[in-house]
Amino acid sequence: MPRKSRFSLRTKSVLLVFLTTVIFVITAGSIASYHVKQNQKQIIKEEIAGVARIAAQDTTVKETLKRHPQPTKNNSLQKYANQITQASRVDFVVILDRNLMRYSHPDTSRIGKKFSSPQDAKKSSTGKSHYSHRKGILGTGYRIFVPVFKNKQQVGIVCVGLTDSSINRAILSAQKAVILGSLFALCAGIILALFLAQRIKKSLFNMEPDEIATKLTELHAIIDSIDEILIAVNEQNIVITTNYLAKKTFPAVKVGTALDSNLAKLIFNHNHSQNKTNVPLLINAKEYIVSTSRLVYHDKTYGQIALLQDQSKYQKLSEQLAGSEQYIQALRAQSHEFRNKLQAIYGMIELKQYDNVTNFIGKVNANYQQEFGQLNQQIESPALVGFLTGKINQAKEQKVTLTLTPDSYLPQAIVSDQLNLDLIKILGNLIDNALAAIDTSGTIKLELNYDSESTTLIIEVTDNGSGIAPAVREQLFKQKYSTKGKDHGYGLMLVKQIVDNHHGYIDITPCNPHGSNFYLELPINSEE
């Protein structure tokens, strides 16, 4: 049996979706954060560049730097720089003259002094703008240097920048949406996992996977243990399931494939609303007893299921029962005959007719020795002799004479247990049919001979009964056919099966003026 899992399906589903969502959120969030950071840096660069260009184009800045006055803490350029800094998101706006002297700075004590990174600022002395990421007085950050021109002559430089701390705050603010979206996706994933787990478990009849595995294992064990061929199909004749016997008997029948159309027509009904019960069918030259029924769940039909039983099992049982029944009938006839004789002897003893008792016993013994001794000489099979003795007594009770022809002979060398059983079934059924055909008194002649040259046993049963009509004679060996009514018609069918098993021959001919003759030939193999 499958081992029981420590975690339920719901827990597994939630964990799976949760971990998947976490991995997705972390991966997607990291990628999104990186792109946001890069985009934000680009935006910041463009913003500080825009502020620097505006300052560099301002008339006051140009005129003041052209005049080159001595810088003071409250000069006009410092005031202008403070206004731009407050109006934009930059941290500082520093205006320099051609000698890199500061005219503005967030720290007024730095006004009138040279720029702290002259090598960085001098790159714009050639009239070109450039970006820089370096550590300054306010800290490390991004800054841009834009040249200032007056009448096509460079009169100074404008430096605008943002520190890394300000940049990081701006990036973090931009990433908040990504973080919030990731958290929302994580929560949605957990809720979805709970919903899906509930839906999945409901579709699985509220069973855990290990419970389903256990049930399926038990179901397959039960199906394979059934001593009948089991085949189930859906409404499109696709095989749903089979058991071991079905796979062994019909190798071409496989689960998930369409059932062969000819086999489907034989086994199943086209109308799924009808069922079969114990219907004999011939499939691949073998006879089966077939029963079918609909596969129904909640009043909905999903297909059909068939159980096929090999009829040879029933035939063997039938043969055994038929042989036993014939033997029992013979023993019953002997018992009845013996009881009648005992009653006669008891009556004469009661009347004290002892001489008559002695004479009667003598006659009984003489008759018995004559009949039984003759049978023993002709039929070298004690079981068959006992059987025929019973049948002779049974015939006497019906005022019918049953005799064995003088030239009949069955040698002990060919008699086996199986042949004994076959002969009891054959002779029992043929004699019973002959007795049934005789209304009042009549005769039945039995001939039993073995031809050693052809190793064939010849059997003839002749009666002077009512005979068999030609139309009936053609139907006699068919299953369940009988002129005696319901629950008859198996005897002669069984006789025909035994003859066929021996690859023998059987013939029925009418007798003159009336009656019937059954002629049988049974080839005897050396193995028998």
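These figures come from a predicted structure and were not determined experimentally.

Peer 1: Requested: an account of the sheet that holds strand β7 (residues 276-283), with residues and values cited.
Peer 2: Read from one edge of the open sheet, five strands run β6-β5-β9-β8-β7, paired in antiparallel fashion. Each edge of the sheet is formed by a strand with only one pairing partner; in this case those strands are β6 (239-242) and β7. Taken pair by pair, the neighbouring strands of this sheet meet at an average axis angle of 25°, ignoring direction. Relative to strand β8 (residues 286-297), β7 runs antiparallel, the two sharing six bridges. Across the sheet, the residue bridging to P280 is I289, located in β8.

Peer 1: Kindly report on a nonpolar patch on the surface, identifying the contributing residues and their values.
Peer 2: A surface patch of nonpolar side chains, about 390 Å² in accessible area, is lined by L172, I179, L180 and L183. Tracing the chain through its elements places L172 in helix α5 (residues 164-203).

Peer 1: Give a detailed account of the sheet that holds strand β12 (residues 456-463), specifying residues and quantitative values.
Peer 2: Spatially, five strands are ordered β10-β11-β12-β14-β13 in an open sheet, and the strand pairing comes out mixed. Each end of this open sheet is capped by a strand with a single partner; those strands are β10 (400-404) and β13 (505-510). When the angles between neighbouring strand axes are averaged without regard to direction, this sheet yields 10°. Here strand β11 (residues 442-451) pairs with β12 via eight bridges, running antiparallel. What sits directly across from I444, in β12, is D463. Lying over the sheet, helix α14 (residues 491-501) contacts β13 and β14 (516-523), oriented at roughly 30° with respect to β14.

Peer 1: Just give me the short version of the nonpolar core, but keep the residues and values in it.
Peer 2: Counting 42 residues, the largest nonpolar core has L384, L388, L427, L457, I459 and L520 as its most contacted members. At the level of elements, α11 (382-397), β10, α12 (417-437), β11, β12, α14, β13 and β14 are the ones that each hand at least two residues to this core. Here the element with the most residues in this core is α12; it accounts for nine residues. Apart from residues lying up to four places away in sequence, L520 is in contact with I426, L430, L457, I458, I459, V495, V499, Y505 and I506. In this structure, A55, V93, Y142 and V158 belong to the second largest nonpolar core, which totals 28 residues.

Peer 1: Lay out the packing of helix α2 (residues 59-67) against helix α3 (residues 76-87) in plain terms, naming residues and giving numbers.
Peer 2: Following both chains from N to C, one finds α2 and α3 inclined at 150°, their axes separated by 10 Å at the closest point. With respect to α3, the axis of α2 lies roughly antiparallel. For the pair α2 and α3, the crossing hand works out as left-handed. Residues T60, V61, T64 and L65 of α2 form the contact with α3, whose participating residues are S76, L77 and Y80. Tallied by class, residues from the contact of α2 with α3 come to four nonpolar, three polar and no charged.

Peer 1: Help me get a handle on the pairing of strand β2 (residues 130-136), residues and values and all.
Peer 2: Where β2 meets strand β3 (residues 139-150), seven bridges bridge the pair, whose relative direction is antiparallel. Its bridge partner being in β3, H133 is matched across the sheet by Y142. The loop that links β2 with its antiparallel partner β3 comprises two residues.

Peer 1: Explain the packing of aromatic side chains residue by residue, including any values.
Peer 2: Evaluated as defined, the whole model comprises three aromatic pairs. Ring centres of F115 and F145 lie 5.6 Å apart, and the angle between their planes is 85°; this geometry places the pair in the edge-to-face category. On the criterion of sequence distance, the pair formed by F115 in the loop between β1 (92-97) and α4 (118-121) and F145 in strand β3 is long-range, its members being 30 residues apart. Relative to Y288, the ring of F250 has its centre 6.3 Å away and its plane inclined at 45°; by these criteria the two rings are tilted. One end of the pair, F250, is in the loop between α7 (244-249) and α8 (261-267); the other, Y288, is in strand β8, with 38 residues separating them in the sequence.

Peer 1: Tell me what's going on with the confidence of the model for the protein, and back it up with residues and numbers.
Peer 2: Taken residue by residue, the protein gives an average pLDDT of 80. The fraction at 70 or more is 86%. Within the model, pLDDT remains below 50 along residues 480-489, and this stretch shows 14 contacts once partners closer than five positions in the same chain are excluded.

Peer 1: I'd like a rundown of the pattern of salt bridges, residues and numbers included.
Peer 2: Side chains carrying opposite charge are able to pair once their charged atoms draw close together. A full pass over the atoms with the stated rule returns seven salt bridges. For the salt bridge of K150 with E63, the shortest nitrogen-to-oxygen distance reads 2.6 Å. Placement of K150 in strand β3 and of E63 in helix α2 is noted, with a sequence separation of 87 residues between them. Between D107 and R110 there is a salt bridge, with its nearest N and O atoms 3.8 Å apart. Relative accessible area serves as the criterion here: at 31%, D107 is assigned to the partly exposed category.

Parameters and conventions
Residues numbered from 1 in each chain as written. Predicted model: local features only at pLDDT ≥ 70, side-chain atom pairs only at ≥ 80, totals over all residues. Heavy atoms only, no water. Pairing = 2+ DSSP bridges. Helix = DSSP H or I, 4+ residues; strand = E, 2+ residues; numbered from the N terminus. Axes fitted to C-alpha atoms, helices over the stretch in contact; angles between N-to-C directions. Patch = residues over 30% accessible without salt bridge, like charges linked within 9 Å, V, L, I, M, F, W, Y side chains within 5 Å. Areas by Shrake-Rupley, 256 points an atom, 1.4 Å probe, with all protein chains shown as cover. Salt bridge = Lys/Arg side-chain N within 4 Å of Asp/Glu carboxyl O. Contact = heavy atoms within 4.5 Å. Core = buried A, V, L, I, M, F, W, Y, C linked by side-chain atoms within 4.5 Å. Buried < 20%, exposed > 50% of the residue type's maximum accessible area, 1.4 Å probe, protein only. Parallel < 35°, antiparallel > 145°, perpendicular 65-115°, else oblique. Left-handed = near helix turned anticlockwise from the far one by under 90°. Nonpolar A, V, L, I, M, F, W, Y, C, P; charged D, E, K, R; others polar. Phe/Tyr/Trp six-rings, centres within 6.5 Å; stacked < 30°, edge-to-face > 60°. pLDDT = per-residue confidence, 0-100.

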